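Architecture and fold: a report
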Amino acid sequence: MRHVHFPAQRVARAARESLAPARRLGDKARWYRPAAVAADFLGAAIPVGLVFDAAQQVRPVYCALAAAVAWTGVQALRRRYASRALGESRGVLPVVHDWLILIGVLAVARVVTEEATPRLSALGALLPALLITVAVHKLTYRHLSAARREAQAVSRVLVVGEPDAAEDVIAHLAARTDHPYVVVGVVPVGKGALSSGVPVAARLDGWTPEAPNGDSAAVLGAVASHHADLVLVAPGVRITGERLRRIAWALHDAGLELAVFPGLVEVSVKRLETLSAGGLAVLRVVPPVGRGVQTMLKSALDRVGAAAGLLALSPLFLGIVLAIRFGSRGPAFYRQRRIGRDGAPFVMWKFRTMVVDADALKAELSGSNENDGLMFKMRRDPRVTRVGRLLRRTSLDELPQLINVLIGNMSLVGPRPPLPEEVAKYGEVELRRLTVRPGMTGLWQISGRSDLSWDETIQLDLQYVDNWSFTSDVDVMGRGAGPPRSGGGAGSDERAPPGGSPAPAPPARGGGG
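To keep things clear, this report deals only with the structure shown in the data block. These numbers were taken from a predicted model, which means no experiment stands behind them. The numbering scheme is per chain: residues are counted from 1 as the chain's sequence reads. Totals for whole chains, interfaces and linings use every residue, but because this is a predicted model, local features are given only for residues with pLDDT of at least 70 and side-chain atom pairs only at 80 or more, for both listing and counting. Computation of side-chain values: all heavy atoms of the structure, hydrogens and water removed.

**As for the nonpolar core**
- Put simply, buried Ala, Val, Leu, Ile, Met, Phe, Trp, Tyr and Cys residues joined by side-chain atoms within 4.5 Å make one nonpolar core. Note on exposure labels: buried denotes an accessible area under 20% of the residue type's maximum, exposed denotes more than 50%, and partly exposed covers the range between, all computed with a 1.4 Å probe on protein chains only. One finds L158, V160, V187, V219, V223, V231 and L251 to be the most contacted residues of the largest nonpolar core, which totals 21 residues.
- Per the convention used, a helix needs a DSSP run of H or I reaching at least four residues, while a strand needs a run of E reaching at least two, with both numbered from the N terminus. Of all elements in the fold, only strand 1 (155–161), strand 2 (181–188), helix 7 (214–226), strand 3 (230–234) and helix 8 (241–253) reach the threshold of two or more residues within this core.
- We call two residues in contact when some of their heavy atoms are within 4.5 Å. In this structure V187 touches L158, V159, V160, G161, A201, A202, R203, L204 and A222, once residues within four positions along its chain are discounted.
- Formed by 20 residues, the second largest nonpolar core is a distinct cluster that contains A44, A64, A67 and L130.

**What about the pattern of salt bridges?**
- Basic side-chain nitrogens of Lys or Arg form a salt bridge, by our definition, when they fall within 4 Å of a carboxyl oxygen of Asp or Glu. In this structure the tally under the stated criterion is 16 salt bridges.
- In this structure, D98 engages R80 in a salt bridge whose closest nitrogen and oxygen atoms are separated by 2.8 Å. Of the two residues, D98 is situated in helix 4 (residues 93–113) and R80 in the loop between helix 3 (60–77) and helix 4; the sequence distance between them amounts to 18 residues.
- What makes D98 buried here is its relative accessible area of 2%.
- For E398, the salt bridge goes to R416, with nearest N and O atoms at 3.2 Å.

**Observations regarding the pairing of strand 4 (residues 257–260)**
- Each pair of strands is called paired provided DSSP finds at least two bridges between the two strands. Bridge count for strand 3 against strand 4 is four bridges, and the pairing is parallel. Looking across to strand 4, one finds that V231 is bridged to L258.
- The handedness of a crossover follows from its direction of travel: if, with the strands pointing away from the viewer, the path from the first strand over the helix to the second runs clockwise, the crossover is right-handed. Between the parallel elements strand 3 and strand 4, the chain passes through helix 8 in a crossover that is right-handed.

**Description of the sheet that holds strand 3**
- The four strands are arranged 2-1-3-4 in an open sheet whose pairing can be described as parallel. Two strands lie at the open edges of the sheet, namely strand 2 and strand 4, each paired on one side alone. Averaged over all neighbouring strand pairs, the angle between strand axes comes to 25°, with direction disregarded.
- Examined bridge by bridge, strand 1 and strand 3 share five bridges and lie parallel to one another. The residue of strand 3 that forms the bridge with V160 is V233.
- A fitted line through C-alpha atoms serves as each axis, taken over the contacting stretch for helices, and the angle formed by two N-to-C directions is quoted from 0 to 180°. Against the sheet, helix 6 (residues 163–174) engages strand 1, strand 2 and strand 3, with an angle of about 170° to strand 2.
- Packed onto the sheet, helix 8 meets strand 3 and strand 4 and runs at close to 150° relative to strand 4.

**Some details on the packing of aromatic side chains**
- Ring pairs shown here join Phe, Tyr and Trp side chains whose ring centres sit within 6.5 Å, with only the six-membered ring taken for Trp; geometry is labelled stacked below 30 degrees between planes, edge-to-face above 60, and tilted in between. Counting across every chain of the model gives four aromatic pairs.
- Both rings, one in W31 and one in Y32, keep their centres 4.7 Å apart while their planes meet at 85°; by these two values the pair is edge-to-face.
- Look at Y32 and you get buried, because its relative accessible area is 2%.

**Quick notes on the packing of helix 7 against helix 8**
- Remark: helix 7 packs on helix 8, axes separated minimally by 9 Å, with the N-to-C direction vectors making an angle of 45°. Judged by the inter-axis angle, helix 7 sits oblique to helix 8. Like other packed secondary-structure pairs, helix 7 and helix 8 cross with a definite hand, here right-handed. Across the interface between the two elements, D215, S216, V219, L220 and V223 of helix 7 pack against R243, R246, I247, A250 and L251 of helix 8. Comment on the angle field: the value is read as roughly parallel under 35 degrees, roughly antiparallel over 145, roughly perpendicular from 65 to 115, and oblique elsewhere. Rotating anticlockwise by less than a right angle from the far helix to the near helix defines a left-handed crossing, while the corresponding clockwise rotation defines a right-handed one.

Purely geometric stuff here, so don't read any function into it on its own.
Written as structure tokens, this is what we have:
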């Protein structure tokens, strides 16, 4: 019996053979997985062994090995050692979640084996495993991020879509380095010029049921010629469901990956749900969290955290006040009118870092603004005092904002509070950042950059507003971000009058929710 092969299958086989020599350009560093496994195993085994031996447990070595196997087992079952996951996250919450699962597993084992070590001692012995795993995650994340900035450990992507849609995807991916994709070619669908400079690997024209495999041959040929690892499709009018399905068949038969860009930008995957309706794949976008238990938890965390911070840092506050007063004339604290949630003004507190006539000098320095948007920013602002430079470099000047958090004007996490003159120039998009309480720290700070453009700043603020959750706030605080060092958004416009006392503080209208 003669075997009949369809054209698409022959093309797929040919593409698979042409890609046979393994191209591992996107491979991550080989030490990631061994380092993660070793850190998890030893981070659980050694502390448990030492604590159980000190507690005179009968079999400390066996307990240590059991804890280490359980911890690495939980990590493996949660696919933390998979190549896709290694180095991709520095977040604390996923590790905490895994650690809580470990506690549950070992609690059951404790009951079964009738192990008698004190509970607090046993729990304390497992804490180093959590801390070591978090540290290793941060280390690999930073190493991988640095490698990707040098175009290493990346996946070669071929973009398929109508010219305008393809250009948007290419521009978005090229603007950032916090992802594994580098575009090596584009396959435009239909006519239209491309200005991104990415090589045109092929071009798809009209599609007809009579010649259903023409697209597949062109895309597979483009993949082979540009050594792509992934095909990213930007759907449009010219890419129908049947046309996309044919391309997917060909790519999967060739052992290649296909991804589809849904057209949503900066929407957290936590807000996306895949549904099936009558055989149709539907992507549901969950509305942003605006009320409920999570908002109450956020308020509780803000108040408790601010109160604890003020109490613990009171000796430091006293030292900073003395340093400011002895370093330059004028008050130690500076009060400034800012705009909070829903446009309500409030008085923001901070330590004074500039000379008392900073506002008068700002007009003379307006031509030296280094920010491309509505905020004033200078790296070497001559208005900053000697003590102020140290406070700004360490972000200690922002600590009095804990008072604002305690009384409800601000939050521990959120967009930075803007100045009234900035808000007066806001458009509809920028005003959306005022739908939440401003914060002391946020996505801007943990982005790892201090030179964000105005558009990038707004993009990060809107990403926070649209995707907020209580766990995301905890994750931001867990990354150890400090208050930002920017112009208008961080209090560089200190308007204390020459007399040495701060400008009268306007009354705040409401607490911003």
